[in-house]
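Breakdown of the fold
Residues per chain are reported as follows:
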Amino acid sequence: MNNILFRPVEKKDLNQVYPLLEQLTGMDYSSRNKDECWVSFNTNTAINSIVGVVNNKIVTYGSIIIENKIHGSISGHIEDIVVDEDFRGQNIGVKLINELVKIGEVKECYRITLFCKDHLVDFYSKNGFAVNNLAMKKFV
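Below is a short write-up of the structure. Owing to the predicted nature of the structure, the values given are computational and were not obtained by experimental measurement. (Residues numbered from 1 in each chain as written. Predicted model: local features only at pLDDT ≥ 70, side-chain atom pairs only at ≥ 80, totals over all residues. Heavy atoms only, no water.)

Section: the pairing of strand β2 (residues 47-54)
Buried residues dominate β2, accounting for seven of its eight residues. With eight bridges joining them, β2 and strand β3 (residues 57-68) adopt antiparallel strand pairing. Paired with I50 across the bridge in β3 is G62. (Buried < 20%, exposed > 50% of the residue type's maximum accessible area, 1.4 Å probe, protein only. Helix = DSSP H or I, 4+ residues; strand = E, 2+ residues; numbered from the N terminus. Pairing = 2+ DSSP bridges.)

What follows is the structure, encoded as structure tokens:
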């Protein structure tokens, strides 16, 4: 898909981004106070979130969080990658990942990491990521 425009996420995008995130997580975000969420989100300068827009519709969303390490290096963490169900299979995910990696390169990240489910390993491998170590999470 060549007519996709990537840009930073804006507050006005929340009405379209939340349903995308619901496709990713299965959680219902409709009762969230969008004003409070935006203020909290927007004050975190480490987050670089973008949307992909086709014909004024947001069809993809993702973020790269920039972390300044104590040893002076900078790393990036890709999060919340989602493409609208109706637009999958059109290489939009590839383009989104490439855009986020470019942001990491501009921010001079020495590495960019992400977590993914087993069935997505091939997708991310084709996009230059390699399995490295084991990830564990504790939800609190």
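Quick look at the nonpolar core
Ranked by size, the top nonpolar core spans 23 residues in total, and within it I64, I78, I81, I97, L100, I112 and F129 carry the most contacts. At the level of elements, β2, β3, β4 (74-83), α3 (92-106) and β5 (111-114) are the ones that each hand at least two residues to this core. If one sorts the elements of this core by residue count, α3 sits on top with six residues. Among residues more than four places away in sequence, those in contact with I112 are I64, G76, I78, V101, G104 and F129. With 13 residues, the next largest nonpolar core counts V9, L14, V17 and W38 among its residues. (Core = buried A, V, L, I, M, F, W, Y, C linked by side-chain atoms within 4.5 Å. Contact = heavy atoms within 4.5 Å.)

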